[in-house]
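# Summary of structural features
Residue strings, one per chain:
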Protein chains: 2
Amino acid sequence: MPRNGAPTRERILDAAERLVIDNGYAATSLDRVIAESHSSKGSFFHHFASKDELARALVERYAAADIAHLETALAEANAASDDAAERVLRFVRSFEDTADELMSAQSSCLYVSVLTERELVERGTSGQVTNAIVAWREGLTGLLQAALPDPPGLDLHDVADHLFVTFEGAFILCRATGDPSHMRRQLRAVRQLYQALLSR
Amino acid sequence: MPRNGAPTRERILDAAERLVIDNGYAATSLDRVIAESHSSKGSFFHHFASKDELARALVERYAAADIAHLETALAEANAASDDAAERVLRFVRSFEDTADELMSAQSSCLYVSVLTERELVERGTSGQVTNAIVAWREGLTGLLQAALPDPPGLDLHDVADHLFVTFEGAFILCRATGDPSHMRRQLRAVRQLYQALLSR
DNA sequence: GTTGTAACAGACCGACTGGTCTGATACAAG
DNA sequence: CTTGTATCAGACCAGTCGGTCTGTTACAAC
């Protein structure tokens, strides 16, 4: 086999991810992705058939990392305590504790950038996002069901989805205010709200 | 005075708002805005100096309507009950009751589209968004303070911001899943979480 | 060394972009 | 009826866009 192209592909994905998260998909030109990844037109189109294909690869990689992150946190929460309510709170707390780190690594969420463009979604880019959302929903619903076996008038799926909603909404709030500490503070608020629900 | 250009300007803003909410700012071309508003290049650039100027006008109009909506709901909540906790719940409930209507009128939020593009934000488009966020924060913090005068380890500003976060996050969730009912369900979830907090 | 091919480089292309410019048109004031 | 101007129409322009094409280079197999 000739040269190994994998590192180049990763460099392109890294640069594209940063640019798309910062400025959105349509506002990110391939010329800029190519320049910032120190690549070339020929190289880019050798690895990706089109810009849309790049978007699909970006989302696939991002969603896989997201789900891996979720599963690590789930495992840690399960190992940390035998009390079901405590597990829920530990789970949320683990994201709260790493929120500042997260926000210094990325200025927003790739999901937001991709979902903002409806025509892009309709070209089949959002399947992996839905997978990730379902994984978060089911993971947290499991923890919540153990803590609230007979919830009074609550849909635990919605309560579980609310954590994803908090993440995405907090990204927007951080961007609007220019203050990345809102991510940690919103995760803290949602933990305290969950705590109120579980300790009633 | 010659012809009245105000209706044309509004038609352009209406078309642009729908297109930008659907597909984002960069992905929305002026040609398309002009076509869908049944206008022309000359007409467009008579009313707006540039595309960025259009963005600023869009956000200004959208934020003003947003704040007006907030103030109506605040007044209604205050009129509806004397109990402070009840006022908070009524306030959230009013958005829950109109959520389906909201989602049939718009597929997402203009704030998301505009904030997604950092370079656009840096060109001074987000000032009005911050105003709106502060208005929501202060309005709801007022209601919460009356219900929880001495909150134990809670930052009521963050708890108040959480409603805005829920709105924005739910817009993302709706777009990802293609299911607009998530808006109502997330507002219901956050109301139930607030209820748990207030009735502890 | 020859050869085959994945990996890369960059000139080039048509389509479309935001924006300009010239001119036409409606309408109120005198 | 003339005139001034806000409003509008659309041909046009330079630059950028995603994408193509031709060619070169590195490396493994033989």
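These numbers come from a predicted model, not from an experiment.

The rules behind each value
Residues numbered from 1 in each chain as written. Chains lettered and ligands numbered in written order. Predicted model: local features only at pLDDT ≥ 70, side-chain atom pairs only at ≥ 80, totals over all residues. Heavy atoms only, no water. Domains from an automatic or database assignment. Contact = heavy atoms within 4.5 Å. Buried area = accessible area lost by both parts, 1.4 Å probe. Salt bridge = Lys/Arg side-chain N within 4 Å of Asp/Glu carboxyl O. Polar contact = N/O pair within 3.5 Å; in protein donor to acceptor, adjacent residues only side chain to side chain. Nonpolar A, V, L, I, M, F, W, Y, C, P; charged D, E, K, R; others polar. Axes fitted to C-alpha atoms, helices over the stretch in contact; angles between N-to-C directions. Helix = DSSP H or I, 4+ residues; strand = E, 2+ residues; numbered from the N terminus. Parallel < 35°, antiparallel > 145°, perpendicular 65-115°, else oblique. Core = buried A, V, L, I, M, F, W, Y, C linked by side-chain atoms within 4.5 Å. Buried < 20%, exposed > 50% of the residue type's maximum accessible area, 1.4 Å probe, protein only. Expected span 1.5 Å × (residues − 1).

## Focus: the domain arrangement of chain A
Residues and elements named next belong to chain A.
- Entries for chain A in the domain assignment read domain 1 (1-48) and domain 2 (56-198).
- Each partner contributes to the interface: domain 1 provides 13 residues, whereas domain 2 provides 13 residues.
- Of the roughly 1100 Å² buried between domain 1 and domain 2 on both sides combined, carbon and sulfur atoms contribute 58%.
- Here domain 1 and domain 2 share three salt bridges between them.
- In this structure, Glu10 engages Arg61 in a salt bridge whose closest nitrogen and oxygen atoms are separated by 2.9 Å.
- In this assembly, domain 1 and domain 2 are joined by nine residue pairs in polar contact (both at pLDDT 80 or more).
- Here the residues of the side of domain 1 that touches domain 2 sort into seven nonpolar, one polar and five charged.

## Points about the packing of helix α11 (residues 181-198) of chain A against helix α10 (residues 156-177) of chain B
- For the pair α11(A) and α10(B), interaxial distance at closest approach is 9 Å and the crossing angle is 100°. Overall, the two elements α11(A) and α10(B) adopt an arrangement that is roughly perpendicular. Facing A:His182, A:Arg185, A:Gln186, A:Ala189, A:Val190 and A:Leu193 of α11(A), the residues of α10(B) in contact are B:Asp158, B:Asp161, B:His162 and B:Val165.

## Things to note about the packing of helix α5 (residues 84-97) of chain B against helix α11 (residues 181-198) of chain B
All names here are of chain B.
- Where α5 contacts α11, the two axes come as close as 9 Å, and the packing angle between them is 175°. When the interaxial angle is binned, α5 and α11 end up roughly antiparallel. Taking contact as the criterion, the partners of Ala85, Val88, Leu89, Val92, Arg93, Phe95 and Glu96 in α5 are, on α11, Arg184, Leu187, Arg188, Val190, Arg191, Tyr194, Gln195 and Leu198.
- Per-class residue counts for the contact of α5 with α11 are nine nonpolar, one polar and five charged.

## A word on the nonpolar core
- Counting 141 residues, the largest nonpolar core has A:Phe91, A:Leu163, A:Tyr194, B:Phe91, B:Leu163 and B:Tyr194 as its most contacted members.
- Beyond its immediate stretch of four places on either side in the chain, A:Tyr194 contacts A:Val88, A:Leu89, A:Val92, A:Leu140, A:Val159, A:Ala160, A:His162, A:Leu163 and B:Leu193.

## Topic: α11(B)
- Taking 1.5 Å of rise per residue, the 18 residues of α11(B) would be expected to cover 26 Å, and the 26 Å separating its terminal C-alpha atoms lies within 8% of that figure.
- Burial runs high along α11(B): 14 of the 18 residues are buried.

## With respect to the interface of chain A and chain B
- Contacts between the two partners involve 50 residues from chain A, matched on the other side by 50 residues from chain B.
- Roughly 4300 Å² of surface becomes buried between chain A and chain B when both sides are summed, with 60% attributable to carbon and sulfur atoms.
- Applying the counting criterion to the chain A and chain B interface returns six salt bridges.
- Between A:Asp22 and B:Arg118 there is a salt bridge; the shortest N-O distance is 3.1 Å.
- Summed over the shared surface of chain A and chain B, the result is 24 residue pairs in polar contact (both at pLDDT 80 or more).
- Contributing elements (two or more residues each) for the side of chain A that touches chain B: α1 (6-23), α7 (110-115), α8 (118-125), α9 (127-147), α10 (156-177) and α11 of chain A.
- Residue contributions to the side of chain A that touches chain B peak at 13 residues, all from α10(A).
- Its residues placed into classes, the side of chain A that touches chain B shows 20 nonpolar, 16 polar and 14 charged.

## Brief notes about the environment of B:Gln195
- By the element assignment, B:Gln195 lies in helix α11.
- For B:Gln195 and B:Val88, which are 107 residues apart along the polypeptide, the C-alpha to C-alpha distance reads 8.7 Å.

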